[in-house]
Amino acid sequence: MKIAVIGCTHAGTAAIVNIAKCYPEAEITVYEKNDNISFLSCGIALYVGGMVSDAQGLFYSSPEQLAELGVTTKMRHEVTKIDTDAKQLRARNLETGEELEDSFDKLVMTTGSWPIVPKFEGIGLDNILLSKNFNHSNTIIEKSKQAKNIVVVGAGYIGVELVEAFQLNGKNVTLIDAEPRILSKYLDAEYTDQIEASLRSRNIQLALGQKVTKFTGENGKVSKVVTDRGEYSADLVILCIGFRPNTELLRGQVDMLDNGAIIVDEYMRTSKSDVYAAGDSCAVFYNPTQTHAYIPLATNAVRMGTLVARNLLAPTVKYMGTQGTSGIKIYEDHIAATGMTETSAKEAGIEAEAVIVNDHYRPEFMPTHETVMLKVVYEQSTRRILGAQMMSKVDLTQSVNTLSVCIQNGMKMEELAFVDFFFQPHYNKPWNFLNSAGLGALPEVPQSAYETGRV
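Residues numbered from 1 in each chain as written. Predicted model: local features only at pLDDT ≥ 70, side-chain atom pairs only at ≥ 80, totals over all residues. Heavy atoms only, no water.

Colleague: Requested: an account of the overall build of the protein chain, with residues and values cited.
Modeller: Along the backbone of the protein chain there are 12 helices and 25 strands. Relative to the globule expectation of 23 Å for 455 residues, the C-alpha radius of gyration of the protein chain, 24 Å, shows essentially globular dimensions. Counting only C-alpha atoms and orienting by the principal axes, one finds that the protein chain spans roughly 85 × 60 × 40 Å. Evaluated residue by residue, the protein chain yields a buried proportion of 51% over its 455 residues. Across the protein chain, every contact between residues at least 6 apart in sequence was considered, and the portion connecting residues at least 24 apart equals 61%. Looking at the protein chain as shown, the accessible area adds up to about 20,900 Å², and 48% of this sits on carbon and sulfur atoms. (Helix = DSSP H or I, 4+ residues; strand = E, 2+ residues; numbered from the N terminus. Rg over C-alpha atoms; globule rule 2.2 N^0.38 Å. Buried < 20%, exposed > 50% of the residue type's maximum accessible area, 1.4 Å probe, protein only. Contact = heavy atoms within 4.5 Å. Areas by Shrake-Rupley, 256 points an atom, 1.4 Å probe, with all protein chains shown as cover.)

Structure representation (structure tokens):
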């Protein structure tokens, strides 16, 4: 059995390692256009900020390790054409220019995503960088050494993490986003208001609700970012606007979302027989809405890649879908979210309500008892949990993983109220703050119960 794998980051590495273990007799060939594999891009800000000093720790595999599993890895090889009917592909060696053709019995598409780069005027100026792979991170580190004024465009997780890293390195930092709030895809205003205040208290300039229109420069290097509301000095610009799937090779051959994300079934199969896909190149099944959505996360990628291997010869293990669960640490704040925000639920046409719990996470008689702010969003008609967000000075982010399971299992708020959680004063209160959220949404006892003497 000949297996061709295109792309080798999170999903690709997970698929390859597990395929090699499940089918040791298979002939596995990996095509990767970069000069490295399995880079943890979520660690870029930690690397840029100096918290991670040895970049090798951000890699969890190598061509040598894959070779030990019997895998042939063709580095710096870009696949230029795929014919899924004939089961053939063409690739080019990016170092020699040599073209080669190969055949396959099974194809695994783990081509990932690439940063969105709008065609702004001046986009070609020097010192306008992307933040996606290992080479990007090295360039950012080198260029930032000489930069005084750094502008980050895009206030998602990567953008906010980079802003913090640059500020801690003593740079003058500006964060620009077209949305009126930072992290608006992940958090409601109760949280983003506090985070924005934290950033501003550290002299980070927030230019929100502003659209970049162009870049201007001097001597071929960027010097200003121009928006529809102002101008900002910049020696260095990092674009963190978002990502789109790398799927042009299969366009017209498999079913996709409008943005090009490949649609897979619960066994990671595309609409074309013997063609599988996983990771950022794919749409995922989003449990809160029960629809396919584009949610590029490393956690989704490794799960999907592993499932490709398990289902390569026959449908065996189903994908359970995702809640898009994520977390971030911004200065002293530990933040996590899962599922839908109240804002996104209403934008999706769902009649949603929410409970907010502000409480000490453990008894006040303990030496420390930091506050946790938890928000749980639920559907009004069914009381089904749709999403949750939490923030605290102490790391309580694992509680959001618990709520992710609740959403995945279709739990309701009254069930959350009485879930069995342990109590120990070092860790929590007799009513865990998750229970408290459920209790806060309990419906009133109907008047008829009083009238009939049942209460």
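Colleague: Account for the environment of Ile-195, with residues named and values stated.
Modeller: Tracing the backbone through its elements, the reader meets Ile-195 in helix H6 (residues 189–200). Looking at Ile-195, the relative accessible area reads 0%, which means it is buried. Here the alpha-carbon distance between Ile-195 and Gly-49, two residues 146 residues apart in the chain, equals 19 Å. Residues contacting Ile-195, with those up to four places away along its chain left out, are Ile-182, Leu-183, Leu-187, Ile-330, Ile-335 and Met-391.

Colleague: Account for the sheet that holds strand S10 (residues 149–153), with residues named and values stated.
Modeller: Remark on secondary structure: sheet strands pair via backbone hydrogen bonds, oriented parallel or antiparallel. Spatially, S9-S16-S10-S11-S12 is the arrangement adopted by the five strands of the open sheet, whose pairing is parallel. A strand with exactly one partner marks an edge of an open sheet, and here the two such strands are strand S9 (128–130) and strand S12 (205–208). Across the sheet, the axes of successive neighbouring strands diverge by a mean angle of 20°, strand direction being ignored. Note: S9 against strand S16 (residues 236–239), three bridges, orientation parallel. Note on S16: the bridge partner recorded for Leu-130 is Leu-239. Those strands touched by helix H4 (residues 134–144) are S9, S10 and S16, and its axis lies near 145° from that of S9. In the packing of helix H5 (residues 157–168) onto the sheet, the strands contacted are S10, strand S11 (172–177) and S16, and the crossing angle to S11 comes to about 170°. (Pairing = 2+ DSSP bridges. Axes fitted to C-alpha atoms, helices over the stretch in contact; angles between N-to-C directions.)

Colleague: Describe the nonpolar core, naming the residues involved and giving the relevant values.
Modeller: Of all hydrophobic cores here, the largest spans 57 residues; its most connected members are Ile-19, Ile-28, Ile-82, Leu-89, Ile-262 and Val-308. When near neighbours in sequence (up to four residues on either side) are disregarded, Ile-28 contacts Ile-3, Val-5, Ile-16, Ile-19, Ala-20, Val-71 and Thr-72. Grouped together as the second largest cluster of nonpolar side chains are 41 residues, Phe-39, Ile-44, Phe-166 and Leu-187 included. (Core = buried A, V, L, I, M, F, W, Y, C linked by side-chain atoms within 4.5 Å.)

Colleague: Give a detailed account of the pairing of strand S21 (residues 326–330), specifying residues and quantitative values.
Modeller: The side chains of a regular strand alternate, first on one face of the sheet and then on the other. Residues Ser-326, Ile-328 and Ile-330 of S21 are buried on one face, while the alternating residues Gly-327 and Lys-329, pointing to the opposite face, are not. Linkage of S21 to strand S22 (residues 333–339), two consecutive antiparallel strands, is achieved through a turn of two residues, within which Tyr-331 is found at a positive phi near 55°.

Colleague: Give a detailed account of the side chain of Asp-188, specifying residues and quantitative values.
Modeller: Note that Asp-188 resides in the loop between S11 and H6. For Asp-188, a relative accessible area of 2% gives the class buried. Among the polar contacts listed, one links the side chain of Asp-188 to the side chain of Lys-375, at a separation of 3.0 Å. The residues contacting Asp-188, other than those within four sequence positions of it, are Arg-181, Thr-341, Glu-342, Thr-343, Lys-375 and Gln-389. (Polar contact = N/O pair within 3.5 Å; in protein donor to acceptor, adjacent residues only side chain to side chain.)

Colleague: Could you give me a rundown of the sheet that holds strand S2 (residues 27–32), with the residues and numbers involved?
Modeller: The five strands are arranged S3-S2-S1-S7-S18 in an open sheet whose pairing can be described as parallel. A strand with exactly one partner marks an edge of an open sheet, and here the two such strands are strand S3 (72–75) and strand S18 (275–277). Pairwise comparison of adjacent strand axes, ignoring direction, gives a mean angle of 20° for this sheet. Sheet topology note: the strand S7 (residues 106–109)/S18 ladder contains three bridges and is parallel. Its bridge partner being in S18, Val-108 is matched across the sheet by Tyr-276.

Colleague: Lay out helix H7 (residues 298–310) in plain terms, naming residues and giving numbers.
Modeller: Structural remark: α-helix, 3.6 residues per turn; residues separated by three or four positions point the same way. Compared with an ideal rise of 1.5 Å per residue, which puts 13 residues at 18 Å, H7 spans 19 Å between its outermost C-alpha atoms and is within 8% of the ideal. When H7 is considered as a whole, its buried residues turn out to be Asn-300, Ala-301, Met-304, Gly-305, Leu-307, Val-308 and Ala-309. Contacts made by the buried residues of H7 are with helix H1 (10–22), S7, S18 and strand S19 (284–286). (Expected span 1.5 Å × (residues − 1).)

Colleague: Describe in detail the packing of aromatic side chains, supporting the description with residues and values.
Modeller: Within the structure shown, the criterion is met by four aromatic pairs. For the pair Phe-120 and Phe-215, a centre-to-centre distance of 5.7 Å together with 80° between the ring planes defines the contact as edge-to-face. Note that Phe-120 is positioned in the loop between strand S8 (113–115) and S9 and Phe-215 in strand S13 (residues 212–218), a separation of 95 residues in sequence. What makes Phe-215 buried here is its relative accessible area of 2%. (Phe/Tyr/Trp six-rings, centres within 6.5 Å; stacked < 30°, edge-to-face > 60°.)

Colleague: Which residues make up the pairing of strand S6 (residues 99–103), and what values do they have?
Modeller: Side chains Leu-100 and Asp-102 project from S6 onto a buried face, and the interleaved Glu-99, Glu-101 and Ser-103 project onto a face without burial. When strand S5 (residues 88–93) meets S6, the two strands line up antiparallel, connected through five bridges. Counted as the bridge partner of Leu-89 is Asp-102 from S6. What sits between S5 and S6 in their antiparallel hairpin is a turn of five residues, with Gly-97 showing a positive phi close to 80°.

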